[in-house]
Amino acid sequence: MAHFASAHFLQEVPVDNEVAFPANNLNDGWARECGGSEGATGVRSMFGNTSPLTFFFVTTTLLFGCQRMTVSAADDIADAFEFRDVWPSAALFDAEPKRETKAWTPAEKATVNRAIEEAKAVAPGVYARATSLGRIPLYRIVATKEIAAAVGGFDRFCVMFTDTYFTTREKFRVVAFIHELVHVLDNGNRFSRDATWPNVMKPIFERVDGELIKLGIQSWDVARQQLGDGRAAAWGLPTFYARDNLHEALAECVAYLAVFPDSPEFAAPDAVREYVTKRFLVSEFQTDSALVAYVKGRDLLQSEKVSEAISALTEAIKHDEDFADAYFSRGLALLHGRQFDAAISDFNRYATLSQETAARLGSLLSKDERSGIKSHHYLLFRGEALGKKGELDKAMADFSEFIDLHPENEAGYRNMARELGKAGKFAAALTNVERALIADPENIQSRFLRGRILVGTKDYAGAVRDYTDVLDRQPDYPEAREWRIKARIELGDVDGALADYDWMLEQTPDNLGLRYQRGEFALKAKRYEQAVQDFSNVIDRCRTNPAERKKYILGYDRRATAYAALKKYELAIEDYNELLETLPEYDTAHFQRGILLAKQKRFDEAIQDYDKFIEKVPAFAYAYFLRAGAWRARQEVGKALADYGQAIQRDPKLSAAYYDRARLYLSDGRFDDAITDFTRVIELKPDVPDAYGDRGDAWFAQEEFQKAVDDFTRLIEGQPQSIRGHDRRGLAHLASSNFEAAVADFARVM
């Protein structure tokens, strides 16, 4: 770029301190331009120091009521950018990987702020148009090859600055910044593929291509290395990079004409100068309502506000029925909103428009664009929609088509593996995810998916290895950690699972839901002290927040369960008291508290709780069984027998009720009834030796000594060391005058 040492380039200004801008200038600019009784002060009072999202909604709302804007108002729009230190998670609709970022230093922020001011001075029209779409985040990307790149699809369109941007080509910052702002405006190829720009660039592209063919040069990047950008300028392009595609050509031409309007090195063709001036550089412009609605829709989709995103993207399509990217993004929103037929329809429309554009532009498209990989991504999402509809064969056809077109791209294999895994076809899924990893061994999404598939095959150790590999590369991948927890639980690795929970809670210590989840896991893993600690933490944090307390009120129930397991019955009862005071309709608490009260021999209170539970849940047999036990403890035999009868009536296979009633009959001298119930217990649970022993006692009481001997023998077979069995059988032998056998049994007792 050194050959553009133009007098028009702004002089470097020493920067000692970070440039600061008034927080509300963005709102002031819109208020003054659109007027109204509120004015600038009114907008500030309505929104104050608003968030980036609020800025966007304010400007979008006003845009539809104020369709033309002048640069005089745009001059007041300052601080329309936001410095961010951490790259966001990949958007719902983008396959962008997480990028390595650096925290902005004050000096770097000052450098960028100076670039913003310079760009605003030399290209106020571009600046005003770009900032009218909302606040633009700036990320500090760690890289050495690229100078800058624009990426859409997160909260706002992003401008990224790399190490090279700060360490070399000092004066290039303004050109690069304007270049990126044009990309913001050209999102969805709003300008670069319209009816005019391709026609403007066609003769220029043809000339450049022809000249390179004469020189035997195959690509623009080689031309740049061998010839330098000065040759490109002589042929009608500011740089050879502008030949990459129409999108980049537009950004380069606007940037260079803004910064070097009279440069002798780049004498822009008249058609280029006229188009750029009219569409980007003049002080007054017509708002692109379709683009405003489109940006809003993508923003909402990224925030997972699906229904609102659909509405905004529908608005974009109303303004431009041929807005291909709007159909694509709305298809994604519909897909996430589970409106699969509508999503498929939008992907079909996107495909048609993309194919028509490709046919219209032909050789003007870059090699990458001609390969179609971007336009073919709809196949992946349409395939996903078909898979969710249960049309697996059609989904596989879309994925297969993508793979045929791009066999080197892992996405087709991964999507196919995902849908096959959902269908339970784990062997085929594993084959395809392996192919995805061959295509891109470093892709953590494919490795994560393989872990999921291995869980499906019950290869939990293999799944843990994959999740561990993913987390080694990207520790803040919550889904991988959650699934590793599940796999470790299946392997019985309680410590490992708890360690994962610990890591997650270290990152988000205020995440009550996660802490509650760890408490549940600790409870199931019988780590009761840990469970008590987690539920106590959640309960304590919710005490002063009624909404949160209501959300996690069952934490008292879970902590009470842990206390009960630790035999801390009083503490458990206190938790149930607290729970029932707040949530009196929670019937289970009466049932559980009744059990604990009975353990403490507080039978009257236990019966009261059982009464309340049975009143609400009269069909639950076990409650009658427990209440019968409390009546029995109070020696109220009639009430106990009645409740045992109620329990058996509701659950004829409740062996415990037969057994306890039989023992009550036995102690009450009702031997026939006891024998009947013991016999029923044996029918239901033939492997319960004590039932034979107790029935043997009933036979003995009825002087049915041989039957008693038989039952005591069954008791001894089940419990060979049973003193009771030998003692009782010895007595039965003695009563039958079988002295030798009696002596043998008594000898075992001695």
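What counts, and at which threshold
Residues numbered from 1 in each chain as written. Predicted model: local features only at pLDDT ≥ 70, side-chain atom pairs only at ≥ 80, totals over all residues. Heavy atoms only, no water. Helix = DSSP H or I, 4+ residues; strand = E, 2+ residues; numbered from the N terminus. Buried < 20%, exposed > 50% of the residue type's maximum accessible area, 1.4 Å probe, protein only. Contact = heavy atoms within 4.5 Å. pLDDT = per-residue confidence, 0-100. Salt bridge = Lys/Arg side-chain N within 4 Å of Asp/Glu carboxyl O. Core = buried A, V, L, I, M, F, W, Y, C linked by side-chain atoms within 4.5 Å. Pairing = 2+ DSSP bridges. Expected span 1.5 Å × (residues − 1). Arc of directions from axis to C-beta. Axes fitted to C-alpha atoms, helices over the stretch in contact; angles between N-to-C directions. Parallel < 35°, antiparallel > 145°, perpendicular 65-115°, else oblique. Left-handed = near helix turned anticlockwise from the far one by under 90°. Nonpolar A, V, L, I, M, F, W, Y, C, P; charged D, E, K, R; others polar.

Asks: What should I look at first to understand the overall build of the protein in this one?
Replies: Each helix and strand in the protein was counted, giving 41 helices and six strands. Within the span of the protein, comprising 750 residues, buried residues form 51% of the whole. Long-range contacts, defined here as pairs at least 24 residues apart, represent 58% of the contacts in the protein between residues at least 6 apart.

Asks: Would you mind showing me how to read the side chain of Arg661 here?
Replies: For Arg661, the position within the fold is in helix α36 (residues 655–667). For Arg661, a relative accessible area of 15% translates into the label buried.

Asks: Help me out: how do you make sense of the confidence of the model for the protein in this one?
Replies: As a note on interpretation, predicted positions should not be read in detail where pLDDT is low. When pLDDT is averaged across the protein, the result is 82; 83% of the residues are at 70 or more. Predicted confidence for residues 90–96 stays below pLDDT 50, and this span has 19 contacts to residues more than four positions away or in other chains.

Asks: Just to check I follow, could you spell out the pattern of salt bridges for this structure?
Replies: Here the idea is simple: oppositely charged side chains can pair when their charged atoms come close. A complete count under the given rule lists 55 salt bridges for this structure. Here Arg447 ties to Asp469 by a salt bridge, and the two come within 2.9 Å at their closest N and O atoms. Placement of the pair is Arg447 in helix α23 (residues 444–456) and Asp469 in helix α24 (residues 460–473), with a sequence separation of 22 residues. What makes Asp469 partly exposed here is its relative accessible area of 23%. Ionic pairing is found between Glu636 and Lys639, a salt bridge with its closest N-O pair at 3.3 Å. Here Glu636 falls in the partly exposed class, since its relative accessible area comes to 24%. Classification of Lys639 as partly exposed rests on a relative accessible area of 43%.

Asks: Whenever I open this one, the nonpolar core confuses me. Can you help?
Replies: Soluble globular proteins tend to bury their nonpolar side chains together. Residues Phe81, Val126, Ile178, Trp197, Met201, Val272 and Phe280 are the most contacted members of the largest nonpolar core, which totals 113 residues. Per-element tally for this core: the top contributor is helix α12 (residues 246–259), with 11 residues. Apart from residues no more than four positions distant in its own chain, Met201 is found in contact with Leu237, Leu246, Ala249 and Val272. Counting residues in each nonpolar core, the second largest holds 66 residues, with Leu579, Tyr586, Ala630 and Tyr692 among its members.

Asks: What exactly am I supposed to notice about the pairing of strand β3 (residues 136–140) here?
Replies: Note on strand geometry: in a regular strand, side chains alternate between the two faces of the sheet. By the criterion of burial, β3 is predominantly enclosed, with five of the five residues buried. Burial of the side chains of β3 extends over both faces: Ile136, Leu138 and Arg140 are buried on one face and Pro137 and Tyr139 on the other. In this structure, strand β2 (residues 81–84) lies alongside β3, joined through four bridges in parallel fashion. Residue pairing across strands places Phe83 opposite Leu138, the latter belonging to β3.

Asks: What is the right way to read helix α8 (residues 172–185) from this model?
Replies: Note on helix geometry: an α-helix contains 3.6 residues per turn, so any two residues three or four positions apart are oriented the same way. The end-to-end C-alpha separation of α8 is 20 Å, in line with the 20 Å expected for 14 residues at 1.5 Å each. Extensive coverage of α8 is indicated by the burial of 14 of its 14 residues.

Asks: Which parts of the structure should I look at to understand helix α22 (residues 426–439)?
Replies: Taking 1.5 Å of rise per residue, the 14 residues of α22 would be expected to cover 20 Å, and the 20 Å separating its terminal C-alpha atoms lies within 8% of that figure. Of all the positions in α22, only Ala429, Asn432, Val433, Ala436 and Leu437 are classed as buried. Take α22 and look down its axis: the buried residues cluster within an arc of 145°, on one side only. Exposed side chains of α22 directed beyond 90 degrees from the buried face belong to Ala427 and Ile438.

Asks: Hey, could you run me through the packing of helix α15 (residues 306–319) against helix α16 (residues 324–336) in this one?
Replies: How two helices sit against one another is set out by the angle between their axes and by the gap between those axes. At a minimum axis distance of 9 Å, the contact between α15 and α16 shows a crossing angle of 155°. One finds that α15 runs roughly antiparallel with respect to α16. Handedness of the crossing formed by α15 with α16: left-handed. When α15 is examined against α16, the residues Val306, Ala309, Ile310, Leu313, Thr314, Ala316 and Ile317 are found in contact with a partner set consisting of Ala326, Tyr327, Ser329, Arg330, Ala333, Leu334 and His336. Split by residue class, the contact of α15 with α16 holds 10 nonpolar, three polar and one charged.

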